[in-house]
Amino acid sequence: NAGVMQNPRHLVRRRGQEARLRCSPMKGHSHVYWYRQLPEEGLKFMVYLQKENIIDESGMPKERFSAEFPKEGPSILRIQQVVRGDSAAYFCASSPALNNEQFFGPGTRLTVL
Amino acid sequence: AQSVTQPDIHITVSEGASLELRCNYSYGATPYLFWYVQSPGQGLQLLLKYFSGDTLVQGIKGFEAEFKRSQSSFNLRKPSVHWSDAAEYFCAVGANFGNEKLTFGTGTRLTIIP
């Protein structure tokens with residue numbers, strides 16, 4: 001059973017460009033979470049999604065950030081008009097329904113030049 | 001709102017010595033508690049978790065943790081560390097039912113000296 005997959009593993013963008021981060025949850029998992037880890041800090045919750053629904057986006061910045069988890073395909077975290085402060089590692093986790101254990105992917109490290 | 005405090009930013013221990021990493025949490029009800037380990041440039045691996053029942057939890061790689069409700073603590077222990085245990089360790093708390101987001105501490109970096 002493959003683990004949580006994230007791609008790309010590393011992403012470099014210039015200020016003002018868009019970043020798209022993808023997450024494929026473990027097979028059978030319908031809950032996806034996105035976390036951000038700034039340098040030298042712990043992980044901060046961003047958003048929690050189930051198939052086609054955003055359940056909790058209390059950790060998402062109000063502007064430029066969006067997330068989706070369509071019926072088919074991976075979950076996408078989209079950052080528009082990136083700024084240097086968006087440079088961080090973005091981790092995706094998945095869990096099966098009604099279970100609080102989350103399995104983490106390897107992360108996408110975003111660098112904004 | 002839930003929160004987690006890991007008071008030790010960096011700990012150095014000798015290989016073969018015992019280890020205890022501290023974690024204190026704040027949550028209004030019985031929490032779900034987790035310890036994760038992160039090697040440099042890698043994702044997070046679950047070491048152990050506490051949902052309910054026995055307050056002494058055994059995990060992978062010889063780690064254990066004890067849930068102490070009276071002290072709001074969930075400290076991680078290992079009787080004898082190996083050089084491969086050098087990594088960043090994160091304690092996390094999750095709500096029981098409903099919102100399943102995890103709140104992480106700021107982490108403890110563990111260095112092992114020969």
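Note that this is a predicted model, so its numbers are computed, not measured. (Residues numbered from 1 in each chain as written. Chains lettered and ligands numbered in written order. Predicted model: local features only at pLDDT ≥ 70, side-chain atom pairs only at ≥ 80, totals over all residues. Heavy atoms only, no water.)

Considerations on the environment of A:Met26
Residue and element names in this part refer to chain A. Positionally, methionine 26 belongs in the loop between strand E3 (19–24) and strand E4 (31–37). Here methionine 26 falls in the buried class, since its relative accessible area comes to 14%. Considered as a pair, methionine 26 and glutamine 37 are 11 residues apart in the sequence and their alpha carbons are 21 Å apart. (Helix = DSSP H or I, 4+ residues; strand = E, 2+ residues; numbered from the N terminus. Buried < 20%, exposed > 50% of the residue type's maximum accessible area, 1.4 Å probe, protein only.)

Some details on the pairing of strand E8 (residues 64–68) of chain B
All names here are of chain B. Note that strand E7 (residues 56–58) and E8 share three bridges and pair antiparallel. Its bridge partner being in E8, glutamine 58 is matched across the sheet by glutamate 64. Turn length for the E7-E8 hairpin, with the two strands adjacent in sequence and antiparallel, is five residues, and the turn residue lysine 61 shows positive phi of about 60°. Here E8 pairs with strand E9 (residues 73–78) via five bridges, running antiparallel. If you follow phenylalanine 67 over to E9, its bridge partner there is phenylalanine 74. Connecting the antiparallel pair E8 and E9 is a turn made up of four residues, with serine 72 showing a positive phi of about 50°. (Pairing = 2+ DSSP bridges.)

Digging into the state of the cysteines
Residues and elements named next belong to chain B. Per the counting criterion, the structure on display carries two disulfides over all chains. A disulfide bridge connects cysteine 23 with cysteine 91, and the sulfur atoms are separated by 2.0 Å. Disulfide cysteine 23-cysteine 91: the torsion about the S-S bond is -65°, which places it as left-handed. Of the two residues, cysteine 23 is situated in the loop between strand E3 (19–21) and strand E4 (24–26) and cysteine 91 in strand E10 (residues 87–94); the sequence distance between them amounts to 68 residues. The two residues cysteine 23 and cysteine 91 agree in class, both being buried. (Disulfide = S-S within 2.5 Å.)

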